[in-house]
Amino acid sequence: MQSIMNGVSNIGGYTRNVISFIGMSFVFLLNIFKSLFSRIPPIREIVRQIQFIGVKSLPVLLVSSLFTGMAVALNLYNALIRFGSADLLGPSVAVGLIRELGPVMTALMIIARVSSATCAEIGIMRNEQQFDALDCMAVNSYRYVMLPRLMAALISLPILTAVFDMVGIAGGYIVGVVIHGESAGTYIQGIFDTVTFNDVLIGQIKSLVFAVLIIWIPMAYGYFLHLNRKAAGAAGVSHATTKAVVISAISMLVMNFIISSLML
Amino acid sequence: MKNLSLDFVVGLFVIAGVTLLLYMSVNIGGASLSDAGHYSLIAKFENTSGLKEGAFVEVSGVRVGQAKSIRFDPEAFEAVVEIVLEDSVQVPEDSIASIRTAGIIGDRFIKITPGGSDEFLVQGDEIIETEPSISLEELVSKYMFNNE
Amino acid sequence: MTSIISIDNLDAHYDDRQVLFDVNLQVNPGEIMVIMGGSGSGKSTLLKHLLALKKPTQGKIQIDGHDIGSISSKELKELRKKMGVAFQGGALLSSLTVGDNVRLPLEHNTNLDTQTIDIMVRLKLELMNLAGFENLMPAELSGGMLKRAGLARAVIMDPRILCFDEPSAGLDPVTSVELDELILKLREAMNMTMIIVTHELESAFKIADRIMVLFDGKVAMVGTPDEIRNSDDKRIQNLINRKSRDEEVDGDAYLKRLVTGD
C-alpha cells in the first residue's frame with residue numbers, strides 16, 4: 001500500500017516538475033524575444049554564432065546530404081522502374097527532399113552538432129556562475145547570450161536546409177543519371193516542372209520552426225541546470241545535454257508531422 | 001585580421017545561402033517575384049476535368065504561362081479558367097484553347113492554337129474558341145459503342 | 001553613521017529546507033565585513049540574497065537605501081552598476097578573452113569610447129598584476145589569475161560596494177596572502193565597502209574590520225576580529241582552533257543514525 005502511494009506521488013511530483021519546467025521554458029523564450037527590442041542586438045556575437053551553427057556545419061551537412069540524396073534515389077529508382085516511370089525519379093527525389101527530408105535531416109544534424117554543444121556550454125556557464133555574474137553586472141544575459149544563438153539558428157537553418165536540398169538532388173542525379181543512365185534532361189526538367197513554390201515554402205517554414213525548437217530547448221535545459229538538485233556539476237551537464245538532445249529531436253519530429261498535415 | 005576573416009566567411013555563407021534560397025524559390029519552385037511582365041486571359045470550358053490550378057499553358061509545345069484559377073460559373077454552367085501569360089506572348093483573338101493530356105496518363109495542360117487574326121487579345125479578354133478536356137473513358141466507350 | 005547595507009530578520013529556504021534563520025546585519029560605509037562560517041553554514045546563500053539573485057522567504061534587505069525585495073528592475077539595474085561582485089571561480093565568460101571580460105560592464109553600461117575603455121581596462125589589470133594577459137582566454141589562466149581577473153571586472157565600474165566570494169579558496173598560501181593585500185590596497189585606493197565571504201580564518205582576521213560568524217544558518221556572533229578571538233562561544237573557539245564540530249560524540253545517537261538512517 002505504501003509503495004503504491006509512493007508511486008502515485010512520484011508520478012505527481014514528476015508531472016509537477018515537467019509542467020513547471022515547460023512553463024519556465026516558455027517564459028525563457030518570451031524573454032529572449034523581448035530582449036530583441038531592448039537595444040541593438042549584439043551583431044558581433046550573432047556573426048560568431050552563425051559561424052558556429054552555419055558555416056562549420058557545412059562539411060558534415062554536405063556529406064550527409066549527398067549520401068541521403070543518393071540512397072533515396074536508389075530506392076525510388078528501383079521502385080519506379082517496375083512501373084516504367086523512372087522518368088519521375090527527379091521530381092520524386094526533389095519533392096521528398098524539399099518537403100520532408102531536407103528540413104528534418106538538417107535539423108537532426110544540427111541537433112547532433114549544435115544543440116548538444118549549446119546545452120553543455122550554457123550548462124557549464126550556469127555551473128561557473130557566469131549567469132550570476134552577468135546579472136550582477138547588469139548585463140542582460142538573454143540579450144547577450146541567448147538572443148545571438150537564436151538569431152543565428154534562424155538565419156543558418158533555412159540556408160543549411162537549402163544546401164541539403166540541392167546537394168541531395170545532385171546525389172539523386174548521380175544515381176539516376178550517372179549510374180543508371182536516365183536522361184539528364186528528364187531528371188532536371190522534371191524537377192523544374194513538378195516542384196511548386198508551395199513545396200519550397202513548406203520546407204522553409206519547417207526549417208524556421210525547427211531552428212527555434214532545436215536551439216531553444218537546449219538553451220533552456222542549460223540555463224535551468226541549477227534547478228535540478230539531483231544531478232549537479234558535471235553529472236548535471238551530462239544529464240541535461242542528453243535530455244536536451246532527445247527532447248529536441250522528438251519535438252522536432254512531432255512538429256514536422258504537425259506542419260506537414262496542416263499544410264498539405 | 002582574424003575578425004575580418006570571420007566576417008568574410010560568415011558573409012559569404014549568408015550571401016551564397018540566400019542566393020541558393022532565391023534560386024530554389026524562383027527557378028525550381030517557380031515563384032513569381034512580381035506580377036509585372038504578365039497578363040491574364042479568360043477561357044470558358046464545358047469540361048475541365050483533370051485540369052489543376054497551376055497547370056501549364058503551351059503554345060506550339062512551348063510553355064508560356066499557367067492556369068491561375070479555375071472557377072465554376074453557376075449561371076452558364078461552365079468552368080472559367082484564368083490563364084496567366086508572359087507579356088512577350090501575343091495571342092490572336094481567334095485562337096483556340098484546348099485542354100490536353102501529356103501522354104496517356106500524364107498531367108492535363110492547356111494548349112493554345114494560334115489563329116490568323118491581326119488583332120491580339122489583351123489583359124482580361126476572353127478566348128472564345130475552346131475545346132473541353134477529353135475523357136479517356138468516354139473515348140473508349142464511344143469506340144466500343146460504335147462498333148456494336 | 002547610517003549603514004549602507006542592512007539585513008533585517010532574513011529567512012531563506014531551498015525548496016523546503018530552511019538555510020538561513022533570522023539573520024540581522026548592518027554594514028557601515030567603507031567597512032570590510034567578513035562573513036565567516038564552515039561549509040553549509042549558509043554564507044553563500046546570504047551572499048546570493050545580498051546580490052538579489054535569490055528572493056528571501058522573509059525579511060528585508062536594504063542596500064544604499066533601496067529595499068531590494070520590492071525594487072523595480074530598472075532601479076535594481078542602477079543599483080547593480082554601483083556594486084561589484086567577484087565570484088569564487090572568477091565566473092569569467094569562457095567565450096571572451098580576459099580583456100573583453102573586464103571591459104564587458106563598461107561596454108554595456110556606459111557610453112565611453114573604445115579608447116577610454118581600453119585605458120581603464122589596462123589600468124585595472126595592471127592593479128591586479130595581470131598586465132599583458134588581456135588577450136588570453138580564461139581557460140589559459142590559473143585559478144589565482146582567474147580570481148584576480150574576476151576582481152578586475154568587479155571593480156571596473158568603480159563600485160561603492162564590492163562583494164567577494166571566497167577570495168582564498170583553492171589558492172596556495174602565498175597567492176592567498178597576495179590577494180588579501182590586494183583587497184586592502186583596493187579599499188585604500190577606492191574606499192569601497194566590502195562584503196567578503198570566506199571560510200579562511202587567517203585571511204578573515206587579517207582583512208576584516210568586523211566579522212560575522214554563521215553556524216547552520218544562524219548568526220553566532222558579529223564583532224571585530226579581537227572580539228571574535230576572545231569569544232567564549234565554544235563553536236567559535238572550535239572554528240578558530242580548527243577542531244572538529246562534534247567533539248563529544250554521542251555514541252548511542254551515532255549508532256542509531258547508522259542503523260536507522262535518520
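From a predicted model like this one, the values you see are computed outputs, not experimental measurements. Within any chain, residue numbers begin from 1 and follow the written order of that chain's sequence. To label them, take the chains in the order written and letter them from A, then take the ligands in the order written and number them from 1. Owing to the predicted nature of the model, reporting of local features is limited to residues with pLDDT of at least 70; listing and counting of side-chain atom pairs is limited to 80 or more, with chain, interface and lining totals taken over all residues. Hydrogen atoms and water are omitted, and side-chain values are computed over all heavy atoms in the structure.

(A) Up close: the overall build of chain B. On a plain count of helices and strands, chain B comes out with 2 helices and 8 strands. For the exposure calls, accessible area comes from a 1.4 Å probe over protein chains only, and a residue counts as buried if that area is under 20% of its type's maximum, exposed if over 50%, partly exposed in between. Within the span of chain B, comprising 148 residues, buried residues form 31% of the whole. Sequence separation of 24 or more characterises 62% of the internal contacts of chain B that already satisfy a separation of 6 or more. When the accessible surface of chain B is split by element, carbon and sulfur atoms take 57% of a total near 9500 Å². Secondary structure elements are taken from DSSP: a helix is a run of H or I of four residues or more, a strand is a run of E of two residues or more, and numbering for both begins at the N terminus. We call two residues in contact whenever any of their non-hydrogen atoms come within 4.5 Å of each other. In short, Shrake-Rupley with a 1.4 Å probe defines the accessible areas, and a residue's cover is counted only from the protein chains shown.

(B) Structural context of the packing of helix α4 (residues 89-127) of chain A against helix α7 (residues 184-194) of chain A. Residue and element names in this part refer to chain A. Axes here refer to lines fitted to C-alpha atoms; in helices the fit is confined to the stretch in contact. Angles between the N-to-C directions go from 0 to 180 degrees. α7 packs onto α4 with a crossing angle of 50 degrees between their chain directions and a minimal axis gap of 7 Å. When the axis of α4 is compared with that of α7, the two are oblique. In terms of crossing hand, the pair formed by α4 and α7 is right-handed. Contacts from Leu89, Gly90, Pro91, Val93, Ala94 and Val95 in α4 reach Tyr187, Gly190, Ile191 and Thr194 in α7. When the residues that make up the contact of α4 with α7 are grouped by side-chain class, the tally is 7 nonpolar, 3 polar and no charged. Note on terminology: angles under 35 degrees are roughly parallel, angles over 145 are roughly antiparallel, angles of 65 to 115 are roughly perpendicular, and the others are oblique. Left-handed describes a crossing whose near helix is turned anticlockwise from the far helix by less than a right angle; the clockwise case is right-handed. As a working rule, the residues Ala, Val, Leu, Ile, Met, Phe, Trp, Tyr, Cys and Pro are called nonpolar, Asp, Glu, Lys and Arg charged, and the rest polar, with Gly in that last group.

(C) Summary view of the interface of chain B and chain A. Contact with chain B, which involves 20 residues of that partner, is made by 27 residues of chain A. For any pair of parts, buried area is found by adding up, for both, the accessible area (1.4 Å probe) each one loses once the two are put together. Carbon and sulfur atoms make up 80% of the surface buried where chain B meets chain A, a total of about 2000 Å² over both sides. Considering only the surface of chain B that becomes buried against chain A, Phe13, Met24 and Ile28 of chain B emerge as the three largest contributors, covering 35% of it. What counts as a salt bridge is simple: a side-chain nitrogen of Lys or Arg found within 4 Å of a carboxyl oxygen of Asp or Glu. The interface formed by chain B and chain A includes 1 salt bridge. Asp7 of chain B is the salt-bridge partner of Arg44 of chain A, the closest N and O atoms lying 3.4 Å from each other.

(D) Molecular detail of the interface of chain A and chain C. Taken residue by residue, the interface counts 19 residues in chain A and 25 residues in chain C. Of the roughly 1900 Å² buried between chain A and chain C on both sides combined, carbon and sulfur atoms contribute 58%. Remark: the boundary between chain A and chain C carries 0 salt bridges. Put simply, the parts of the chain that give the side of chain A that touches chain C at least two residues each are α2 (43-53), α4, α5 (130-136) and α6 (141-179) of chain A. Ranked by residues supplied to the side of chain A that touches chain C, first place goes to α5 of chain A with 6 residues.

(E) Region of the structure containing the sheet that holds strand β4 (residues 58-63) of chain C. Residues and elements named next belong to chain C. For two strands to pair, DSSP has to find at least two bridges joining them. Pairing is antiparallel across the open sheet formed by 4 strands, whose spatial order is β2-β1-β4-β5. Both edges of this open sheet fall to β2 (17-27) and β5 (66-67), since each of them pairs with a single strand only. Bridge count between strand β1 (residues 5-14) and β2: 7 bridges; the pairing is antiparallel. Note that in β2 the partner of Ile7 across the bridge is Leu25. Across the sheet, helix α1 (residues 43-50) is in contact with β1, β2 and β4; its angle to β1 comes to roughly 120 degrees.

(F) Region of the structure containing the sheet that holds strand β1 (residues 38-45) of chain B. Residue and element names in this part refer to chain B. If you walk across this open sheet you meet the 8 strands as β7-β1-β4-β3-β2-β6-β5-β8, and the pairing is mixed. Of all the strands in the sheet, just β7 (126-127) and β8 (129-131) have a single pairing partner and so form its edges. Taken together, the 3 bridges between strand β5 (residues 96-101) and β8 define a ladder with parallel strand orientation. Residue pairing across strands places Ser98 opposite Glu131, the latter belonging to β8.

(G) Quick peek at the pattern of salt bridges. All names here are of chain C. Summed over all chains, the structure comprises 20 salt bridges over all chains. With its nearest N and O atoms 2.7 Å apart, the salt bridge here joins Arg103 to Asp118. Of this pair, Arg103 sits in helix α3 (residues 98-109) while Asp118 sits in helix α4 (residues 114-127), placing them 15 residues apart in sequence. Classification of Arg103 as buried rests on a relative accessible area of 10%. Lys124 serves as the salt-bridge partner of Asp158, at 3.1 Å between the closest nitrogen and oxygen. Of this pair, Asp158 sits in the loop between α5 (143-155) and β7 (161-165) while Lys124 sits in helix α4, placing them 34 residues apart in sequence. Residue classification places Asp158 among the partly exposed residues on the basis of a relative accessible area of 43%. Lys124 gets classed as buried once you look at its relative accessible area, which sits at 6%. Three or more residues joined by partner-sharing salt bridges are found here, namely Asp64, Lys82 and Arg160.

(H) A look at α1 of chain C. Residue and element names in this part refer to chain C. Counting buried positions along α1 yields 6 of 8 residues, so the element is predominantly enclosed. Restricting attention to buried positions, one finds in α1 the residues Lys43, Thr45, Leu46, Leu47, His49 and Leu50. Directly after α1, the chain includes Ala52, whose backbone phi takes a positive value near 60 degrees.

(I) Spotlight on the environment of Ile156 of chain C. All names here are of chain C. Tracing the backbone through its elements, the reader meets Ile156 in the loop between α5 and β7. Ile156 gets classed as buried once you look at its relative accessible area, which sits at 0%. Along the chain, Ile156 and Leu104 lie 52 residues apart, while their C-alpha atoms are 9.2 Å from each other. Discounting residues that sit within four places of it in the chain, Ile156 has contacts with Val102, Pro105, Leu106, Met120, Val121 and Lys124.

(J) Representation of the arrangement of the chains. Sorting the 2 pairs of chains in contact by contact count puts chains A and B at the top. Spatially, chain B and chain C are disjoint, and the shortest separation between their C-alpha atoms is 13 Å.

(K) The arrangement of the packing of aromatic side chains in detail. Residue and element names in this part refer to chain A. Two rings from Phe, Tyr or Trp (for Trp, the six-membered ring) form a pair when their centres are within 6.5 Å of each other. A pair whose planes differ by under 30 degrees is stacked, one over 60 is edge-to-face, and the rest are tilted. Under the definition given, this model contains 11 aromatic pairs over all chains. With 5.0 Å between their ring centres and 65 degrees between their planes, Phe26 and Trp216 make a pair best called edge-to-face. Here Trp216 lies in helix α8 (residues 197-223) and Phe26 lies in helix α1 (residues 2-35), a separation of 190 residues in the sequence. Ring centres of Phe131 and Tyr223 lie 4.9 Å apart, and the angle between their planes is 75 degrees; on these two criteria the pair is classed as edge-to-face. With Phe131 in helix α5 and Tyr223 in helix α8, this pair connects stretches of sequence that are 92 residues apart. For the residue pair Phe131 and Tyr223, the accessibility class agrees, reading buried in each case. Within the aromatic cluster, the residues linked to one another by ring pairs are Phe21, Phe28, Phe131, Tyr142, Tyr221, Tyr223 and Phe224. Against the face of Phe52 rests Arg113, its NZ or CZ located 5.1 Å from the ring centre. Whether a charge lies above a ring is judged from NZ of Lys or CZ of Arg, which has to be within 6 Å of the ring centre and within 35 degrees of the ring normal.

(L) How the structure looks around empty space enclosed by the protein. Residues are called lining when one of their atoms sits within 4 Å of a cavity or pocket point, these points coming from a 1 Å grid over the protein atoms alone, where a cavity is a set in which a 1.4 Å probe fits but cannot get out and a pocket is an open set with protein on both sides within 12 Å along at least five of seven lines. Grid points are joined across faces, edges and corners, and a volume is the space filled by probe spheres set on the points. For the structure shown, the criterion picks out 3 cavities of 30 Å³ or more. Here the largest cavity defines a volume of roughly 120 Å³. Forming the walls of the largest cavity are 16 residues, and the residues nearest its centre are Met137 of chain A together with Met83, Gly84, Arg153 and Ala154 of chain C. Elements represented by at least two residues in the lining of the largest cavity include exactly α5 of chain A together with α2 (73-81), β6 (83-86), α3 and α5 of chain C. Within this model, the second largest cavity holds a volume of roughly 40 Å³. Forming the walls of the second largest cavity are Cys136 of chain A together with Leu50, Leu51, Ala52, Ile63, Ile68, Leu76, Leu79, Arg80, Met83 and Val85 of chain C. Put simply, the parts of the chain that give the lining of the second largest cavity at least two residues each are α2 and β6 of chain C. Of all the elements, α2 of chain C adds the most residues to the lining of the second largest cavity, at 3 residues.

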